[in-house]
Amino acid sequence: MKGKLRLLIGLSILACIFKTSISCEAEKEYSNTVNTGYRLRKINFDQLKSRKEVFSMFEKASRVRQNSQMERIVYNEEYDLYFDVDNILFIEKEGYESYTIPLLKEPNDSLVKNLVLYHKLNEPIKAKLMGYKLTDEDIERIRSGEVIDVSNRTYSSVIDPSYTVNGSVSWYDDSGCLVTATTTFVPGTPCIEDGHTFGEPCSVTGSGRATPDRLVIQYTYGFCLDGSVNGGTIGNPTYPTDPGGGGPGDGTSGQTPIENPPLNDEEEDEVVTTPVIPELDAQTTPCVELNKFSSNSGNKNKLNVLKTKTNLTKEYGYTILKNNENNSYQTPEEIQQDPTNPNHLVQIYGDNIVGLMHTHPDPVETGVVPMFSIADLRALVIIALRHNNNGQPKNFSEYTVTMTAQNSNGDKYTYALKIKNFLALMQVFSSESNYKKMKKSLENKYNETTALGAMDDLSLDFLNVLKKNNLQNAVSLYQAEQDFSSWKEIKINPENEFNLIKTPCN
Amino acid sequence: MQLKLNNMKYIYSIVSLLLFLSCKSQTPTLPLYENSNYGSVEGAYYKDVDDFLNQFEGTWVYTDSSTYLKLVFVKKPMLYNNTSVGFNYYEDFLIGGSQYIVNGVELNNTLSSVLTNNNPYDYYIFSMNRISKNTFPKCVECTENEKRLSMSFDEINTKADKCLEAEFVIRRIFENGVEKLKIQFIKTSSSCGDTLDGPLVTDLNYSLPYGEYTLVKLD
């Protein structure tokens with residue numbers, strides 16, 4: 001008996017140790033699940049694609065056509081919509097999942113629209129288009145992490161991919177009556193350092209901010225009592241008119257109703273989501289802004305001056321300036337060398353500074369790598385943060401850091417970094433540990449390639465480190481033509497990770 | 001009875017062996033240096049297989065008529081390199097602290113930090129990469145295959161600044177039978193303040209002047 005007991009205890013202990021040892025990584029939780037039951041996580045397009053049934057519904061709902069220049073912006077030709085697939089919010093709770101994908105907002109559209117793909121486990125995926133009537137101020141408040149009450153300002157429409165009439169989607173809600181809309185406050189991620197209290201700045205090195213709080217809304221649709229299928233807003237039912245323009249109004253004018261609209265044959269249809277703001281303005285992109293930058297004669301002149309200094313052993317540079325009143329470029333100003341190290345530039349930020357042009361010194365003489373450092377990327381973040389835009393919303397695609405250098409053969413190149421997703425960048429750069437780790441990783445790669453390596457190899461090193469740190473869609477790398485007439489975006493070839501693809505900016 | 005005891009021993013041995021093999025497969029040990037895939041394997045242990053870091057351990061001192069510089073380095077094996085992005089893995093680090101005194105006034109002292117157990121990036125001095133003679137800052141007097149260690153350097157008053165950086169590159173030499181540490185200390189990034197978007201501070205520098213130093217090993 002004693003022997004059996006000893007054996008049982010021994011095997012139990014070993015089983016516990018075994019279970020602990022095979023447990024690999026702690027899951028990266030992005031939201032506080034205590035007392036809410038909701039798990040929220042921001043995911044990227046690749047992760048959405050890995051969920052085959054969900055992605056299949058997305059493809060049907062969006063009729064995907066890849067835009068060759070901006071892969072992360074998925075364009076639906078039929079509906080004339082852009083999806084910001086880099087800012088997908090994944091919500092799950094007790095066997096229910098939803099994916100909220102923001103659409104880029106057109107300037108003349110009064111609604112912020114999200115495509116929501118949702119289902120209970122083992123049930124088919126459904127799609128709904130949600131529209132929120134938000135002011136520009138509301139949008140900035142949500143972007144900065146505030147929770148906004150969207151009562152009386154929400155519209156919805158079923159997207160049934162098997163069902164279209166005359167190539168247009170009807171914007172009045174045919175998904176059933178809105179029975180209830182319950183909200184749950186889900187606090188954002190606490191600071192990663194131990195002992196941190198949510199809402200307080202991180203006191204340990206890094207000053208990492210918490211991810212935003214969310215007001216998760218559970219919309220429950222059912223049949224109306226009279227058997228009709230109107231409704232769809234929280235509060236008074238009104239309908240937006242045209243998907244591409246105009247605000248709410250009579251949903252039937254100018255629209256062809258869906259014939260035989262799908263009936264919601266379930267007792268309840270639940271959509272759990274929260275407004276997600278897209279990151280990019282549909283009308284301006286990093287490419288557009290980069291072309292504007294280098295077509296300005298003052299900027300182009302300085303870029304050419306910098307090309308004459310790449311064989312020297314010091315850095316040279318200019319600040320890129322914009323007039324805050326009329327948003328036009330001003331004459332760049334030369335940056336002084338640091339008196340404590342004349343080979344290095346003093347960094348200047350704030351006021352009307354929207355970028356930096358600089359050289360890296362001769363790689364043969366100095367051993368300095370002729371490609372961006374992590375400090376250069378950090379400079380881009382700080383430029384964007386500290387630019388004084390007189391309180392106006394920032395267009396993050398206008399900020400630029402360029403680097404002009406020569407390779408070991410003396411051939412000169414100019415590259416640029418642009419922001420595509422500022423929030424993603426800030427989440428990484430607000431942590432000192434993240435910065436040091438990326439710096440170490442990039443310098444390790446550059447050490448292998450060396451400062452005398454090929455420019456494409458060094459570009460690949462840089463892009464690989466961005467990818468490793470989930471920044472491949474937050475920052476984009478560009479190479480200029482020798483006369484600065486145009487630029488090409490450089491990316492890792494998705495078919496072959498050891499090669500680059502260079503796509504012209506139009 | 002004897003048979004039952006033998007059976008138990010046999011079971012324990014088998015289970016222990018399975019456990020051991022399972023543990024080994026979960027944490028692959030990979031070289032820390034000369035590894036083109038460094039940092040690409042979640043949960044790996046990047047080990048200083050050549051014991052390159054060991055040569056720097058100990059206490060090193062530079063002194064002249066008015067200044068006193070002391071550095072203490074400790075090798076910390078298998079620190080968890082854990083951040084909120086990218087892969088997380090284990091890694092051998094060399095960490096350190098410094099003391100700098102000028103005309104009897106102590107301007108910086110982080111020596112006690114080497115006794116603590118921290119996230120590697122929380123130390124004031126920690127190892128970055130092993131570099132060759134031609135990597136910035138170049139080492140003209142180095143032999144062709146000689147390796148140096150680049151480190152991240154901070155002092156008490158500079159740790160909080162988000163931008164101030166300098167190359168702190170060390171290598172060990174023997175001169176007339178005396179073990180010495182050569183340091184290249186070069187500023188590479190100006191200060192900007194304690195937050196990325198807060199008050200701009202551009203004139204912060206280390207108390208230790210930039211330049212080259214030769215320290216002697218104490219122990």
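Every chain begins its residue count from 1, and numbering advances along the sequence as written. Numbering of ligands from 1 and lettering of chains from A proceed in the order in which they are written. For a predicted model such as this one, the threshold for reporting local features is a pLDDT of at least 70, and the threshold for listing and counting side-chain atom pairs is 80 or more; totals across whole chains, interfaces and linings nevertheless cover every residue. By convention in this description, side-chain values take in all heavy atoms of the structure and omit both hydrogens and water.

A word on the overall build of chain B. Here a strand is any run of E in DSSP of at least two residues, a helix any run of H or I of at least four, and the numbering for each starts at the N terminus. Counting its secondary structure elements, chain B contains one helix and 11 strands. Of the regular secondary structure in chain B, the N- to C-terminal order runs α-β-β-β-β-β-β-β-β-β-β-β. When burial is assessed residue by residue, chain B has 48% of its 219 residues classed as buried. Whether two residues are in contact is decided by their heavy atoms: any pair within 4.5 Å suffices. Here the contacts in chain B between residues at least 6 apart in sequence split such that 56% fall between residues at least 24 apart. A total of about 10,200 Å² of accessible surface is found on chain B, and carbon and sulfur atoms cover 54% of it. Summary of the burial criterion: residues with accessible area below 20% of their type's maximum are buried, those above 50% are exposed, and those between are partly exposed, where the area comes from a 1.4 Å probe applied to protein chains only. Each accessible area is a Shrake-Rupley estimate made with a 1.4 Å probe; only the visible protein chains count as cover when residues are assessed.

Okay, helix 8 (residues 374–386) of chain A next. What a helix is expected to span follows from its residue count: subtract one and scale by 1.5 Å. Here helix 8 of chain A is 13 residues long and its end C-alpha atoms lie 18 Å apart, about the 18 Å a rise of 1.5 Å per residue gives. Burial analysis of helix 8 of chain A places 13 of its 13 residues in the buried class, the great majority of the element.

This brings us to unusual backbone geometry. A cis amide bond links B:F136 to the next residue, B:P137, at an omega of -5 degrees. Note that B:P137 resides in the loop between strand 7 (125–131) and strand 8 (148–153). Even without being glycine, A:D351 reaches a positive phi, approximately 50 degrees. If you trace the backbone, A:D351 turns up in the loop between strand 18 (341–345) and strand 19 (353–359). On the accessibility criterion, A:D351 (55% relative accessible area) is exposed.

Confidence scores labelled pLDDT are given residue by residue by the predictor and lie between 0 and 100. For chain B, per-residue confidence averages 91 on the pLDDT scale, and residues scoring 70 or more make up 90% of the total. With pTM at 0.65, the complex prediction returns an ipTM value of 0.89.

In this section: the packing of aromatic side chains. Pairs were defined over the aromatic rings of Phe, Tyr and Trp, the Trp ring being its six-membered one, requiring ring centres within 6.5 Å. Orientation was assigned from the angle between planes: stacked under 30 degrees, edge-to-face over 60, tilted for the rest. In the structure shown here, the tally under the stated rule is 24 aromatic pairs over all chains. Where B:F153 meets B:Y206, the ring centres are 5.5 Å apart and the plane angle is 65 degrees; that geometry is what we call edge-to-face. Here B:Y206 lies in the loop between strand 10 (178–189) and strand 11 (211–217) and B:F153 lies in strand 8, a separation of 53 residues in the sequence. You can call B:Y206 buried: its relative accessible area is 6%. These aromatic residues form a ring-pair network of at least three members: B:F153, B:F168, B:F185, B:Y206 and B:Y210. Consider the ring centre and the ring normal. A charge sits over the ring if Lys NZ or Arg CZ is within 6 Å of that centre and within 35 degrees of that normal. Looking at A:K309, its charged tip hangs above the ring of A:Y316, at a distance of 4.7 Å from the centre.

Counting residues in hydrophobic clusters, the biggest one holds 70 residues, and the most contacted among them are A:F372, A:L425, A:F429 and A:F462. Per element, the largest residue contribution to this core is 10 residues, and it comes from helix 8 of chain A. With residues near it in sequence (within four places) discarded, A:F429 still touches A:I374, A:L377, A:R378, A:V381, A:Y435, A:M438, A:L471 and B:L196. Throughout this description, the term nonpolar core refers to a set of buried Ala, Val, Leu, Ile, Met, Phe, Trp, Tyr and Cys residues connected via side-chain atoms within 4.5 Å. Judged by nonpolar contacts, the second largest core, of 31 residues, contains B:A44, B:F56, B:L94 and B:A166.

Turning our attention to the pattern of salt bridges. Salt bridge, as used here: a side-chain nitrogen of Lys or Arg that lies within 4 Å of a carboxyl oxygen of Asp or Glu. All chains considered together, the criterion is met by 24 salt bridges over all chains. Across the salt bridge formed by B:E165 and A:K439, the nearest N and O atoms sit 3.0 Å from each other. Residue B:E165 is found in strand 9 (residues 165–175), and its partner A:K439 is found in helix 10 (residues 432–449); the two belong to separate chains. A:K439 shares its class with B:E165; the two are buried. The residue B:E91 makes a salt bridge to A:K440 at a minimum N-O spacing of 2.3 Å. Here A:K440 lies in helix 10 and B:E91 lies in strand 5 (residues 89–102), a pairing that spans two chains. Overlapping salt bridges bring together A:R378, A:K439, A:E443 and B:E165 as one network.

A word on the environment of A:T184. Position of A:T184 relative to the elements: it lies in strand 10 (residues 177–186). As for A:T184 and A:G37, which are separated by 147 residues in sequence, their C-alpha atoms are 9.8 Å apart.

What follows covers the packing of helix 8 of chain A against helix 10 of chain A. Residues and elements named next belong to chain A. Comment: axis = line fitted to C-alpha atoms, over the contacting stretch for helices; angle = value between 0 and 180 degrees taken between N-to-C directions. In the contact formed by helix 8 and helix 10, the axes pass within 9 Å of each other and the chain directions differ by 140 degrees. Between helix 8 and helix 10, the angle falls in the class oblique. Here I374, A375 and R378 of helix 8 lie close against helix 10, whose contacting residues are Y435, M438, K439 and L442. Put simply, angles under 35 degrees are roughly parallel, angles over 145 are roughly antiparallel, angles from 65 to 115 are roughly perpendicular, and the rest are oblique.

Moving on, we get to the confidence of the model for chain A. Confidence in the prediction of chain A, expressed as mean pLDDT, is 75, and 68% of residues score 70 or more. Across residues 163–175 of chain A the pLDDT falls below 50, and counting only partners more than four positions away or on other chains, this stretch makes 57 contacts in the model.

A few words now on the sheet that holds strand 22 (residues 475–480) of chain A. Residue and element names in this part refer to chain A. If you trace the eight strands from one edge of the open sheet to the other, you get 16-15-19-20-21-22-23-24, paired in mixed fashion. The strands lining the two open edges of the sheet, one partner per strand, are strand 16 (329–334) and strand 24 (500–504). Strand-to-strand twist of the sheet, defined as the mean angle between neighbouring strand axes without regard to direction, takes the value 25 degrees. A pair of strands is considered paired only if DSSP assigns at least 2 bridges between the two. Here seven bridges tie strand 20 (residues 400–406) to strand 21 (residues 412–419), and the two strands are oriented antiparallel to one another. Within the sheet, the bridge partner assigned to A405 lies in strand 21 and is Y413. Each of strand 19, strand 20, strand 21 and strand 22 is contacted by helix 8, which is oriented at about 150 degrees to strand 20, the strand it contacts most.

So, about the state of the cysteines. Think of a disulfide as a covalent bridge from one cysteine sulfur atom to another cysteine sulfur atom. All names here are of chain A. Throughout, a disulfide means two cysteine sulfur atoms within 2.5 Å of one another. Following the criterion strictly, the structure yields three disulfides over all chains and no others. The side chain of C287 participates in a disulfide bridge whose partner is C505; the two sulfur atoms lie 1.8 Å from each other. Measuring handedness by torsion sign, the sulfur bridge of C287 and C505 sits at about -65 degrees and is left-handed. Taken together, the positions of C287 in helix 5 (residues 286–295) and C505 in the segment after strand 24 put the pair 218 residues apart, joining distant regions of the chain.

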